[in-house]
Amino acid sequence: MRTSSGPAFETTILVRDTCLCLHAQRAARALARRFDDALKPVGITNGQFSLLMSLNRPRPPKLGSVAALLVMDRTTLTANLKPLQRRRLVETMADPKDKRARLLRLTPAGRAVLAEAAPIWRHHHMEIEKDLSNPDRLRLELNILSRSDSHNGAAR
């Protein structure tokens with residue numbers, strides 16, 4: 001039965017069963033919960049782990065390049081950095097080549113947290129991959145989807 005106020009119930013079932021966005025969101029939330037639980041003893045979330053890991057480079061990256069890597073707008077990245085800065089895991093500084101640009105750097109405490117978190121991540125990541133038929137293909141296809149977002153301006 002269809003009412004004039006919305007789509008048919010069959011459309012709801014079709015979306016539930018086939019929507020790539022819905023399935024990706026559900027999988028992302030389930031993975032996030034698993035890694036949040038695993039990383040709790042280190043005192044960080046999975047998102048903080050990814051952010052800290054994105055700063056683990058030979059030279060401090062610019063805020064914009066980290067935002068692009070994480071497919072996150074600069075405002076959201078800045079908000080996500082604040083708790084890490086309060087804990088003195090990350091520091092920001094002006095780029096000596098361009099005073100308008102901000103560089104992000106892991107502190108020694110941030111490196112210590114990452115050193116403690118990496119084996120936890122590695123163990124849980126291997127356990128999750130065991131359940132997948134082809135984790136490399138999944139990674140490839142997820143990367144294709146994340147790059148397609150930059151064509152719409154989201155990662156700029």
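All of the points below concern the structure found in this document. (Residues numbered from 1 in each chain as written. Predicted model: local features only at pLDDT ≥ 70, side-chain atom pairs only at ≥ 80, totals over all residues. Heavy atoms only, no water.)

1. As for the packing of helix α3 (residues 46-54) against helix α5 (residues 74-86)
Phase 1: Packing of α3 against α5 leaves a shortest axis separation of 11 Å and a crossing angle of 95°. Overall, the two elements α3 and α5 adopt an arrangement that is roughly perpendicular. Contact residues: Q48, L51 and L52 in α3; L77, N80, L81, P83 and L84 in α5.
Phase 2: Here the contact of α3 with α5 is composed, by residue class, of six nonpolar, two polar and no charged. (Axes fitted to C-alpha atoms, helices over the stretch in contact; angles between N-to-C directions. Helix = DSSP H or I, 4+ residues; strand = E, 2+ residues; numbered from the N terminus. Parallel < 35°, antiparallel > 145°, perpendicular 65-115°, else oblique. Contact = heavy atoms within 4.5 Å. Nonpolar A, V, L, I, M, F, W, Y, C, P; charged D, E, K, R; others polar.)

2. Quick look at the pattern of salt bridges
One side chain can pair with another of opposite charge once the charged atoms of both are near each other.
Phase 1: For the structure shown, the criterion picks out eight salt bridges.
Phase 2: Two residues, E91 and R105, come together in a salt bridge whose shortest N-O distance is 2.8 Å. Linking E91 in strand β1 (residues 90-95) with R105 in strand β2 (residues 98-106), this pair joins segments that are 14 residues apart in sequence.
Phase 3: Residue R105 is classed as partly exposed on the basis of its relative accessible area of 34%.
Phase 4: Ionic pairing is found between R139 and D136, a salt bridge with its closest N-O pair at 2.7 Å. In this pair, R139 and D136 both sit in helix α7 (residues 135-150), three residues apart, roughly one turn of the helix.
Phase 5: For R139, a relative accessible area of 35% translates into the label partly exposed.
Phase 6: Of the residues examined, D136 reaches a relative accessible area of 55% and is grouped as exposed.
Phase 7: Through salt bridges with shared partners, one network takes in E129, D136 and R139. (Salt bridge = Lys/Arg side-chain N within 4 Å of Asp/Glu carboxyl O. Buried < 20%, exposed > 50% of the residue type's maximum accessible area, 1.4 Å probe, protein only.)

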